[in-house]
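Next come the chains, spelled out residue by residue.
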Amino acid sequence: MSPLHEQRYDVIIAGGGMVGSALACLLSGHGLEVAVIDRDGAPLEPFPATYATRTSAITEATRRLFVAIGAWRGMQARRVFPYRTMEVRDAGSGARLHFDSADAGTPDLGHIVENRVILAALRERLAEHRNIHLIAPAEPAALHLDSDAARLRLDDGRHLAAPLLVAADGGRSRIRELAGLTTWGWHGDHHAVVTWVRCAESHQNSCYQRFLPDGPVGFLGFDPHHASIVWSTTPERAEALAAMDEAVFCAELGAALEHRFGAVEACGERAVWPLVPHHAHHYTRPRLALVGDAAHRIHPLAGQGVNIGLLDAAALAEVIGEAHRSGREIGDHAVLRRYERWRKGDNLTVQLAMEAIKRLFAVDATPFTALRGTGLRLLDRAEPIKKPMIRRAMGLSGDLPRVVKSSGG
Ligand SMILES: Cc1cc2nc3c(=O)[nH]c(=O)nc-3n(C[C@H](O)[C@H](O)[C@H](O)COP(=O)(O)OP(=O)(O)OC[C@H]3O[C@@H](n4cnc5c(N)ncnc54)[C@H](O)[C@@H]3O)c2cc1C
């Protein structure tokens, strides 16, 4: 039964992070009234002068989506960093795999953008749309998926209802839990230490990843002498790295990177993230869909998490837009199942590939290491195989939503 003072929308999105906010912009383009709820109501700006700890490597597909919703220029006006080369090195064998945007015939392979820059530009767009209503800070307290609408009671006592509710509230999704949707996964044996660093030598718009036996250390270049670091390792080692004196940490990191960019001279605040992969058994129920980390959380070693989450948003918006135009009920399970069939297989493939790569490089036994090195060296010379790999890493292969098919601006 609907409460007396119920605020009604076409779609409610729980979670105004990168995926939820982008989805709201896409849905607003279909003329739908959208409510976005987030527990974090703190302003994102002004930014501190230093770099942020959390950063994303974003693909060309993601950049196109940001262009389409008018958020890319807001990111460029703050700061984005293109990268033109990517090198993967195996510490065990010394072999390397090198990708260059010139081989793909594109100006760059992708961009490194701080999460707060992405969010600030997206939130700016939300504020510009009259049919998007940001409700923050607020949290869902109770959920009912009724036959005519999804009904949400917020912690401040407000009641909201819509034909469709989307959970974009991250890996520990409260909506997923309230709806009784389960996940499968495995106990993650990695924690990531994240920070920014300053190096003595210029990285020349490159990204670098070195696979050590206990996990990969990733270097994502910002301006010529600064980079974002994601160092995945055992939980014990991660805690030790985070607790070290700055000079000792910089020396350890420099050694882990083989001093590829000279001495590591300084670092920012270090944060530790447990990496616990999961995948929802089902992405949808009647009147409910999961997107982004609420549906799947993957290892960050190839920087794909938010990129595949944004493809979820683009696919769901396309499916809903078509249903809305043809007068179909947008919360109908048959409509939502189309989205699930479209995205789940691709997301599972990416997740399992990340896990396979992680395990492949973790083996530290001599005959296997030598074999792995030979395989990598052969692959590095196999241009016909590398090209499709680059397109895949740029998010440009597979069954893409329309919004990312065109080349953007
Ligand atoms: C160390 C690390 C490095 C990474 N690097 C990359 C990378 O380079 N490239 C890449 O593509 N991905 C990367 N990822 C993954 C990426 O960060 C996630 O996939 C992405 O943040 C998911 O976005 P989301 O919007 O789905 O969820 P989130 O970013 O978790 O956002 C969820 C939103 O929901 C809100 N929320 C949560 N719970 C509630 C609630 N109960 N009520 C109201 N609001 C709520 C939160 O405030 C937040 O705004 C990395 C992840 C880690 C851990």
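Before reading further, recall that the structure is shown in the block above.
First, a word on what this report is: a plain description of the structure on this page. (Residues numbered from 1 in each chain as written. Predicted model: local features only at pLDDT ≥ 70, side-chain atom pairs only at ≥ 80, totals over all residues.)

**Things to note about the sheet that holds strand 24 (residues 296–297)**
Logical step 1: Across the sheet, three strands lie side by side as 14-21-24; this open sheet has antiparallel pairing. Here the strands that pair on one side only, and so sit at the sheet edges, are strand 14 (183–185) and strand 24.
Logical step 2: In this structure, strand 14 lies alongside strand 21 (residues 278–280), joined through three bridges in antiparallel fashion. Along strand 21, the bridge assignment pairs Thr183 with Ala280. (Pairing = 2+ DSSP bridges. Helix = DSSP H or I, 4+ residues; strand = E, 2+ residues; numbered from the N terminus.)

**Some remarks on the pairing of strand 18 (residues 226–233)**
Sheet faces and side chains relate simply in a regular strand, where the side chains alternate between the two faces.
Logical step 1: Of all eight residues in strand 18, seven are buried; the element is thus mostly enclosed.
Logical step 2: Pairing between strand 15 (residues 190–199) and strand 18: eight bridges, direction antiparallel. Within strand 18, the position partnered with Val193 by the bridge is Trp231.
Logical step 3: Here strand 17 (residues 215–221) pairs with strand 18 via five bridges, running antiparallel. Each bridged residue has a counterpart across the sheet, and for Gly218 the counterpart in strand 18 is Val230.
Logical step 4: Joining the antiparallel neighbours strand 17 and strand 18 is a turn of four residues. (Buried ≥ 20, exposed ≤ 12 C-beta atoms within 10 Å, placed from the backbone.)

**A word on unusual backbone geometry**
Logical step 1: Note the cis peptide between Ala136 and Pro137, where omega equals 0 degrees.
Logical step 2: Note on placement: Pro137 falls in the loop between strand 9 (132–135) and strand 10 (140–145).
Logical step 3: Of note in the backbone geometry, Glu258 takes a positive phi value of approximately 55 degrees without being a glycine.
Logical step 4: By the secondary structure assignment, Glu258 is in the loop between helix 8 (246–256) and strand 19 (264–267).

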